[in-house]
Every structure is written in C-alpha cells, then in structure tokens.
Amino acid sequence: MPNIELKKITKKFTSINEATKGEVITAVDDVSLKIKKHSYNTLLGPSGCGKTTLLRMIAGLEIPTSGKIYFDKKNITDMPTQKRDIGFVFQNYSLFPHMDIWHNVGYGPIVRNEFTKETEKFIHSVLRMVKLDERAKAYPSELSGGMKQRVAVARAIATRSPLMLLDEPLGALDVRIGTALRYDLMKLVKKYDLTTIHVTHNQEEAMTISDNIIMMKRGRIVQSGSPKEIYDKPNSIFSAYFLGRCNFFRSEMVGKKTAKFQDTIIKLPKNHRKKKVVLGVRGEKIHINSKLNKKNIQGTIDFINFLGEKWQYIIRLSDGTEISALKRVPHKAKIGQKVSISFYPDNILIFDEPKDFEKEKSV
Ligand code: ATP
C-alpha cells in the first residue's frame, strides 16, 4: 500500500492545434504533495486547472516535464503504468462492450492469469457490494450510466490494486444517481482499505466524500486539508468562494480591529495590518433584520429561492453587490422589502484585497 509523494512536479504541453501551434501550456506547475495511505483524497478545482493531468502523471499515463513521483519512497517517475499496481476509473466508464459484466469486472485477474476459486469468490463479493451480482451476465449496453460506473469501480477493486485513481467518476451521471454512488464509493474504498485520489470540479462531491481536499488553481495547489479545515479556514478568497461559496465585502481598515464597508463600521475578530481588506462571510452566518438598523449594512430582498432543506435570500446592496443569506427556516421578509444584515465578528474571514478581486475569486 503506497504512501505517495510528489516532489516539484511540472507538466508542460506544447500545443499542436493549428491556431496556437508551438504555444507552451503549463498544465501543472511545481506541485509538491503527500498522500497518506488509506485516505480518500480529492483533487478539486475549476476546469483546466490541471487536476486530470496530475492524476494521469500519478497513473503513469503522462510523464512529468520535471519533478519526481515516489510510491513508498521508491522513485517511480518513469515506471510504466502496468507496473504501478493502480486501479483507474474514468468518467466515460471504458468498459469492454463485447464482454458481460462478470468478465469486465474479472478482466484484471483473468489477463494476469491469477484466476483461482478464491478470485472467483472475490469477484462475486465485489459484484454484490456494487449491487450488480444479479446482472453479472448482462452486457454494458444493457445497463444504465450509474450501473456502468458501478461496474467500472468494481473492476478497479477486483484488480486488488491498493491505489484507486478516479477521474470525474460521477461527472456523467444525473445528480441523484451520482449522489447515491458517492456513498457507495466511500464505503467500498474504506471496506477494501484503498488509498484513493478522485478528481472532481464539484465542491459538494469533494466535501462529502473526502478525508482530504487538494484545491488546485492554474496548475498549482492553493490549499489542502480536511473539508472542515478548508471550509472554516480558507487561506484565500478563491478557496473561500470555490468551497462552499462566500459573500465578500470590500472594506477599509479604520482601526486595529475595525473595518468600514460603505457607511457601516464592522468589528473584526482580530487585528489586521493591511489597509484594504476583503471580508468574507458564509451565507448561513448572515442575519437578516426586518427592522432597519442604520448602523448595519442595508439592502433589498431581490429573490427568495427554496432549496429544499434551506431558503436562500438574495439581498441587493446599494452598490449592486448581491449577498446570499441561507436560512433553515423561512424569514418573514418578502421580495422588495428593505432589510439590514449583520454577522458576528467571529464569523468573519479577513483577506488582503487582491489586485484583481474578480479574477482572484474565479480561476
Ligand atoms: P477539466 O476539469 O476540464 O477536465 P482539468 O483541471 O482536469 O480540467 P487538465 O485536463 O489537466 O485540467 O488540463 C490542464 C491544462 O492543460 C488545460 O489548459 C488543458 O487544455 C491543457 N492540456 C491537457 N492535456 C493536454 C494535451 N495533451 N495537450 C495540450 N494541452 C493539454
């Protein structure tokens, strides 16, 4: 079972596209990372940030331009994929269409000539775990997307590789099936004691499934930690916004622990040195007050969205900024009503104002 270490990994591609021929793209930029064995890790970030390229280098499907990859302290940077002992699950299932489910799942042990009575039992037990033992004789074309992805996961487990790499495994599935499969994946990975690296751009998926989230932006790792660590203590505007969404108030420090946003003085939880700051407050930490309090930030309720387990209130401030407040029980304020909003100092995240706020927030 490998502990994985990446040291200063960079991957550059040279474009072969007519329009951009010869242009060099840095897909992964000087990434160092340690993955603990038996942990469930997600590589999370916006489209094009280098997640898949990083995963493919760990799998041996791409060779780094520079840097080294170690499995249990052994340098495997140039080792071919088939020698790395990896189970790989792709977004598009990649099943063999001419083989039934049983043979698809058993493919690894069969081609490695490791087929014994015990292997046969193991394949049946994996098929039971993914709830497809009754469909063992079906062909992939006879299965739904969710079932096909279950087969792909079962096939990766049946290889008995200790390391499972998953590239957007739930991306092609409808939300309900994808969400159910998340829990199945977690259970399977823990049951078979696997180490997992899972690529996704879906922050909710990463939050529910991971022991450890590795947040990427433009080829680099911006933060890694447990979902709660990153949610509670994002180290940047990007992390705060990408994982769990956040409201931002571009303010100016007017005292050691006070900032001014428009005409409102805001108490902060701690000192901050830089003059220009961006204050972040999560939607569930915003209080809506129907009584207008001139000391608080004021706005107008623009939309009320029912999201199932909670209500979202979009409050438009005088400068056009939209604030999203989340409530478990509906607030009495109505659309078009003027309200004031407030939050406790302990719920404020403080960031230095970046050069380009919008760019920093996005990708
Ligand atoms: P997505 O979530 O959209 O799949 P990603 O975060 O997985 O994105 P990558 O697929 O790793 O991102 O791509 C990172 C960058 O490298 C992108 O700019 C992409 O266009 C570029 N890239 C990836 N593979 C190649 C390649 N074979 N040739 C040229 N450029 C590539």
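Structure first, text after, so check above.
How each quantity is defined
- Residues numbered from 1 in each chain as written.
- Predicted model: local features only at pLDDT ≥ 70, side-chain atom pairs only at ≥ 80, totals over all residues.
- Heavy atoms only, no water.
- Pairing = 2+ DSSP bridges.
- Helix = DSSP H or I, 4+ residues; strand = E, 2+ residues; numbered from the N terminus.
- Axes fitted to C-alpha atoms, helices over the stretch in contact; angles between N-to-C directions.
- Phe/Tyr/Trp six-rings, centres within 6.5 Å; stacked < 30°, edge-to-face > 60°.
- Buried < 20%, exposed > 50% of the residue type's maximum accessible area, 1.4 Å probe, protein only.
- Core = buried A, V, L, I, M, F, W, Y, C linked by side-chain atoms within 4.5 Å.
- Contact = heavy atoms within 4.5 Å.

What to know about the sheet that holds strand 20 (residues 349-352)
Next, step 1: The five strands are arranged 13-12-11-14-20 in an open sheet whose pairing can be described as antiparallel. A single partner strand is all that each edge strand has here, and the edge strands are strand 13 (264-267) and strand 20. Recorded for the sheet is a direction-independent mean angle of 40 degrees between the axes of neighbouring strands.
Next, step 2: Relative to strand 13, strand 12 (residues 258-261) runs antiparallel, the two being bridged by four bridges. Residue pairing for strand 13: Phe261 is matched across the bridge by Thr264.

Points about the packing of aromatic side chains
Next, step 1: Taken as a whole and assessed by the stated rule, the structure comprises 10 aromatic pairs.
Next, step 2: Each ring, one from Phe248 and one from Phe357, has its centre 5.7 Å from the other, and the planes form 85 degrees; the classification is edge-to-face. Of this pair, Phe248 sits in strand 11 (residues 247-253) while Phe357 sits in helix 10 (residues 357-361), and the two are 109 residues apart along the sequence. As far as the burial class goes, Phe248 and Phe357 line up, both buried.

Some words on the nonpolar core
Next, step 1: Ranked by internal contacts, the top residues of the largest apolar core, which has 34 residues, are Val105, Leu127, Ile157 and Met164.
Next, step 2: Those elements giving two or more residues to this core turn out to be helix 2 (101-105), helix 4 (117-129), helix 5 (145-158), strand 7 (163-167) and helix 6 (175-191).
Next, step 3: Residue contributions to this core peak at seven residues, all from helix 5.
Next, step 4: Those residues within four positions of Met164 in sequence are excluded, and the remaining contacts are Gly87, Val89, Val153, Ala156, Ile157, Val189, Leu194, Thr195, Thr196 and Ile197.
Next, step 5: Judged by nonpolar contacts, the second largest core, of 26 residues, contains Ile9, Leu54, Met57 and Ile58.

Remarks on the sheet that holds strand 9 (residues 212-217)
Strand pairing in a sheet relies on backbone hydrogen bonds. The paired strands run either parallel or antiparallel.
Next, step 1: Pairing is mixed in the open sheet, where six strands are placed in the order 6-7-8-3-9-10. The sheet is open, and its two edges are formed by strand 6 (86-89) and strand 10 (220-225), each paired on a single side. Going from strand to strand, the sheet's axes swing by 15 degrees on average, the running direction of each strand aside.
Next, step 2: Pairing of strand 9 with strand 10, which is carried by five bridges, proceeds in the antiparallel orientation. If you follow Lys217 over to strand 10, its bridge partner there is Arg220.

These results come straight from atomic positions and should not be treated as a statement about function.
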